[in-house]
Amino acid sequence: MPFFSFERTVPLPLEETWRRLTELPRHADAVPLTRIRVLTPAPTREGTRFVARSGVGPLTFDDVMEVTVWHPPADDEGGLCRLEKRGRVILGWAEIEVRPGPGGRSRVVWREELWVRFLPRAFDGVLGQVSRRMFGRAANRLLRQA
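Residues numbered from 1 in each chain as written. Predicted model: local features only at pLDDT ≥ 70, side-chain atom pairs only at ≥ 80, totals over all residues. Heavy atoms only, no water.

A.B. asks: Tell me about the overall build of the protein chain, and name the residues and values.
C.D. replies: Across its full length, the protein chain carries 3 helices and 7 strands. Starting at the N terminus, the α and β elements of the protein chain follow one another as β-α-α-β-β-β-β-β-β-α. Viewed in the frame of its principal axes, the protein chain has a C-alpha envelope of about 45 × 35 × 25 Å. Buried residues in the protein chain amount to 42% of all 146 residues. A sequence separation of at least 24 residues applies to 46% of the contacts in the protein chain between residues at least 6 apart. Split by element, the accessible area of the protein chain, about 8,100 Å² in all, is 56% carbon and sulfur. Each charge class in the protein chain was averaged separately, 24 positive and 18 negative side chains, and the resulting centres sit 8 Å apart. (Helix = DSSP H or I, 4+ residues; strand = E, 2+ residues; numbered from the N terminus. Buried < 20%, exposed > 50% of the residue type's maximum accessible area, 1.4 Å probe, protein only. Contact = heavy atoms within 4.5 Å. Areas by Shrake-Rupley, 256 points an atom, 1.4 Å probe, with all protein chains shown as cover. Lys, Arg positive; Asp, Glu negative; His and termini not counted. Charge placed at Lys NZ, Arg CZ, Asp CG, Glu CD.)

In structure tokens, the structure reads:
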């Protein structure tokens, strides 16, 4: 399973950074050719399940995920959200951590490990690089959009 991570420092308060990164339906606006469907009632919490459906026409797949850790930031303490990927094609996990940064800014740490079923392990390096770039760009879009 390829593992990748990236970090960002943004000129936003913790709560706003958290909101922009963890409003699950917003991810569809940041990831091309993807729709998000939340399967459980609001609000988001541990146990929330959702599906990211990506692709075009017959070349689509569902990335089924569940929130297994949900600790929003509070009292100037950071927050952590962990998602377990439990689909038929994509497995693994992702963590979005938001913590105080310098000068009132926020620091984001995104860690992810994923496995694409039926994709030979020889492609792990390429998958990790492409995923890091794709999710990094998605995080940038989410953090820029109010």
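A.B. asks: Describe the layout of surface pockets, and please don't skip the residues or the numbers.
C.D. replies: Within this model, the largest pocket holds a volume of roughly 540 Å³. Residue lining of the largest pocket: 28 residues in total, with Val31, Ser54, Asp63, Met134 and Phe135 positioned closest to the centre. Among the elements of the structure, β2 (34-38), β3 (49-56), β4 (59-71), β5 (79-86), β6 (90-100), β7 (106-116) and α3 (124-144) are those that each provide at least two residues to the lining of the largest pocket. Residues of the lining of the largest pocket, tallied by class, amount to 20 nonpolar, 5 polar and 3 charged. Empty space within the second largest pocket amounts to approximately 150 Å³. Along its surface, the second largest pocket is lined by Arg53, Thr60, Phe61, Asp62, Val64, Arg86, Gly87, Arg88 and Val89. Examining the composition of the lining of the second largest pocket, we find that 4 residues originate from one element, β4, more than from any other. Here the lining of the second largest pocket is built from residues that sort into 3 nonpolar, 2 polar and 4 charged. (1 Å grid on protein atoms, 1.4 Å probe; cavity = no way out; pocket = protein on both sides within 12 Å on 5 of 7 lines; lining within 4 Å. Points joined across faces, edges and corners; volume = space filled by probe spheres on them. Nonpolar A, V, L, I, M, F, W, Y, C, P; charged D, E, K, R; others polar.)

A.B. asks: Give a description of the nonpolar core that names residues and reports values.
C.D. replies: Considering soluble globular proteins, one finds that nonpolar side chains tend to be buried as a cluster. Counting residues in each nonpolar core, the largest one holds 30 residues, and the members touching the most others are Leu21 and Trp110. At the level of elements, β1 (3-10), α1 (14-22), β3, β4, β5, β6, β7 and α3 are the ones that each hand at least two residues to this core. With 6 residues, the top contributor of residues to this core is α3. Among residues more than four places away in sequence, those in contact with tryptophan 110 are Phe4, Ser5, Phe6, Leu21, His27, Glu95, Ile96, Phe135 and Ala139. (Core = buried A, V, L, I, M, F, W, Y, C linked by side-chain atoms within 4.5 Å.)

A.B. asks: Explain the sheet that holds β1 residue by residue, including any values.
C.D. replies: Spatial strand order, β1-β7-β6-β5-β4-β3-β2: 7 strands in an open sheet with antiparallel pairing. Every other strand in the sheet has two partners, leaving β1 and β2 as the edge strands with one partner each. Along the sheet, successive strands turn relative to each other by an average axial angle of 20 degrees, direction set aside. Strand contacts of α1: β1, β4, β5, β6 and β7, with the helix running at about 165 degrees to β6, the strand carrying the most contacts. Here α3 sits on the sheet in contact with β1 and β7, set at roughly 25 degrees to β1. (Pairing = 2+ DSSP bridges. Axes fitted to C-alpha atoms, helices over the stretch in contact; angles between N-to-C directions.)

A.B. asks: Give me the pairing of β7: which residues, what numbers.
C.D. replies: In the sheet, β1 pairs with β7 via 8 bridges, with the strands oriented antiparallel. By the bridge assignment for β7, valine 10 is matched with serine 106. A loop of 5 residues connects β6 with β7, the two strands running antiparallel in sequence, and glycine 103 in this loop sits at a positive phi of about 65 degrees.

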